[in-house]
Amino acid sequence: MEKLIITIAPTGSLPTKKMTPHVPITPEEIVRTAVACEAAGAGVIHIHARNPVDESPSTDFTVFEEIHEGIKAKTRLITQISTGGRAGMGYEARNERLRLKPEMASLTTGSVNFPGSVYANSPQLIEALAADMKRLAIKPEMEIFDISMVYNAIALVSKGLAVPPLHFDFVMGLKGAIPATIENLVHLKNAIPSDATWTVAGIGPAQLPMAAHAILMGGHVRVGLEDNIYFSKGELATNEHLVERVVTLAGILGREIATPDEARKILHL
Ligand code: ZN
């Protein structure tokens, strides 16, 4: 079986220092976490920026730049910048960061109800972001919150807005989106093109079981405090410990870990 790519999603938009002191917020903290997670076995880092003062999600280009350049200077990790937007961030606020030319960027190919809010991704927004990524030679990671989003992603290829082989991330177990069950994971995996690669990001308590399923099924794994702040019930996690646990689990199950450069080959970067 192909080597296992571990993506670390250390920050996200939601966890604050009050929820867990282990979440990296400032560019310096995020770069330090990247170094530790690369040493633990990560191949890809999924990047969000925060306002260092109030920890709110940031769209500030200079903050993204500081994080991105810091990670590139100190690690070999594949950088994947999130184009996600909370609180109604529009196209202009979400595409500027692509000018940094990360190797990858996330692209959510549909809308979904998050607990208490709509995560709105209109067809026009999706196509505009996809076109930007294609023009800048950035590989999209299709962020899939529900099965219909797989088909929206595949449709981008026929529109000339994405280039196969595609790469998918199945975000599972978030309230309002697809539940984290093995049946749903098999369904998602069977829906993607045969030449595509895939990762699973289980939310909260779904992170560990979905990682185990993905290791056995030949997929890849995303972990990190963006998706889950606990190591076990009541015990807070650190990003590097979550990576280490996947490395251990993969070892037990007989799957080798991809270095960042091996991950580049697997993902056709
Ligand atoms: Zn994210």
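Up top you'll find the structure we're talking about.
Since the model is a prediction, treat every value here as computed from it, not as a measurement.

Topic: the overall build of the protein
Argument step 1. Looking only at helices and strands, one finds 9 helices and 12 strands in the protein.
Argument step 2. Computed over C-alpha atoms, the radius of gyration of the protein comes to 17 Å, within 12% of the 18 Å expected from 2.2 N^0.38 for 269 residues, which places it in the range of a compact globule.
Argument step 3. The 269 residues of the protein split such that 55% are buried.
Argument step 4. In the protein, of all internal contacts separated by at least 6 residues, the share reaching a separation of at least 24 is 72%.
Argument step 5. A total accessible area of about 11,300 Å² is found for the protein, and carbon and sulfur atoms account for 57% of it.
Argument step 6. Computed over 25 positive and 29 negative side-chain charges, the inter-centroid distance for the protein is 2 Å.

Let's talk about the coordination of the zinc ion
Argument step 1. Donor atoms from the polypeptide that bind the zinc ion are H46 (NE2), H48 (NE2) and E226 (OE), placed at 2.0 to 2.1 Å.
Argument step 2. In primary sequence terms, the donor set of the zinc ion follows H-x1-H-x177-E. Separated by 178 residues along the polypeptide, H48 in the loop between β2 (44-47) and α2 (61-74) and E226 in the loop between β10 (220-223) and β11 (230-232) bring together distant segments of the chain.
Argument step 3. On the basis of relative accessibility, which here comes to 10%, the residue H48 falls in the buried class.

Things to note about empty space enclosed by the protein
Argument step 1. The full count for this structure, using the stated rule, is 2 cavities of 30 Å³ or more.
Argument step 2. One number sums up the size of the largest cavity: a volume of about 70 Å³.
Argument step 3. Lining the largest cavity are 12 residues, with H48, P57, S58, G84 and R97 positioned closest to its centre.
Argument step 4. Residue composition of the lining of the largest cavity, by class: 4 nonpolar, 6 polar and 2 charged.
Argument step 5. Contributing to the lining of the second largest cavity are Q207, L208, A211, V223, L242, R245 and V246.
Argument step 6. Put simply, the parts of the chain that give the lining of the second largest cavity at least two residues each are α7 (207-217) and α8 (239-252).

Notes on unusual backbone geometry
Argument step 1. Residue P165 is reached from P164 by a cis peptide bond, and omega for that bond is 0°.
Argument step 2. Within the secondary structure, P165 is located in the loop between α5 (147-158) and β8 (167-172).
Argument step 3. One non-glycine residue with positive phi stands out, namely K101, at about 50°.
Argument step 4. Even without a glycine there, the phi angle at A137 is positive, about 60°.
Argument step 5. Inspection of the secondary structure assignment puts A137 in the loop between α4 (123-135) and β7 (139-144).
Argument step 6. Overall, the relative accessible area of 66% leaves A137 in the exposed class.

With respect to the nonpolar core
Argument step 1. Ranked by size, the top nonpolar core spans 76 residues in total, and within it M142, F145, F168 and F170 carry the most contacts.
Argument step 2. If we ignore the near neighbours within four places in the chain, the residues touching F145 are T108, V112, F114, Y119, V171, L174, A177 and I178.
Argument step 3. Ranked by size, the runner-up nonpolar core spans 8 residues in total, among them M104, A263, I266 and L267.

Description of the sheet that holds β7
Argument step 1. Within the closed barrel, the 8 strands sit side by side as β1-β2-β3-β4-β7-β8-β9-β10. Their pairing is parallel. Strand after strand, the sheet turns through a mean of 25° between neighbouring axes, direction not considered.
Argument step 2. Lying over the sheet, helix α6 (residues 182-191) contacts β7, β8 and β9 (197-202), oriented at roughly 160° with respect to β8.

Rules used in this analysis
- Counting restarts for each chain: residues are numbered from 1 in the order of the written sequence.
- The predicted nature of this model means local features are confined to residues of pLDDT at least 70 and side-chain atom pairs, given and counted, to a pLDDT of 80 or more, with totals for whole chains, interfaces and linings taken over all residues.
- Hydrogens and waters are ignored; side-chain quantities use all the structure's heavy atoms.
- Every helix listed is a DSSP run of H or I at least four residues long, and every strand listed is a run of E at least two residues long, numbered separately from the N terminus.
- C-alpha atoms define the radius of gyration, and 2.2 Å times the number of residues to the power 0.38 defines the globule rule.
- Exposed residues in this analysis have more than 50% of their type's maximum accessible area, buried residues have under 20%, and partly exposed residues fall in between, with area computed by a 1.4 Å probe over protein chains only.
- Between two residues, a contact is recorded if the distance between any of their heavy atoms is within 4.5 Å.
- Each accessible area value is a Shrake-Rupley result obtained with a 1.4 Å probe; residue values ignore everything except the protein chains displayed when judging cover.
- Charge assignment in this entry is limited to Lys and Arg as positive and Asp and Glu as negative, and neither His nor the chain termini are counted.
- Where a charge lies is defined by one atom per residue type, namely NZ (Lys), CZ (Arg), CG (Asp) and CD (Glu).
- For Na, K and Ca the donor cutoff is 3.2 Å, while for all other metals N, O and S atoms must lie within 2.8 Å; water is not among the atoms, so some sites may look incomplete.
- Both cavities and pockets are sets of points on a 1 Å grid over the protein atoms alone; in a cavity a 1.4 Å probe fits but cannot get out, in a pocket the set is open with protein on both sides within 12 Å along at least five of seven lines, and lining residues sit with an atom within 4 Å of a point.
- Grid points are joined across faces, edges and corners, and a volume is the space filled by probe spheres set on the points.
- Three residue categories are used. Nonpolar comprises Ala, Val, Leu, Ile, Met, Phe, Trp, Tyr, Cys and Pro, charged comprises Asp, Glu, Lys and Arg, and polar comprises the others, including Gly.
- Nonpolar core, defined: a set of buried Ala, Val, Leu, Ile, Met, Phe, Trp, Tyr and Cys residues in which side-chain atoms within 4.5 Å join the residues together.
- Strand pairing is defined by DSSP finding a minimum of two bridges between the two strands.
- Throughout, an axis means a line fitted to C-alpha atoms (over the contacting stretch in the case of helices), and angles, computed between N-to-C directions, take values from 0 to 180 degrees.

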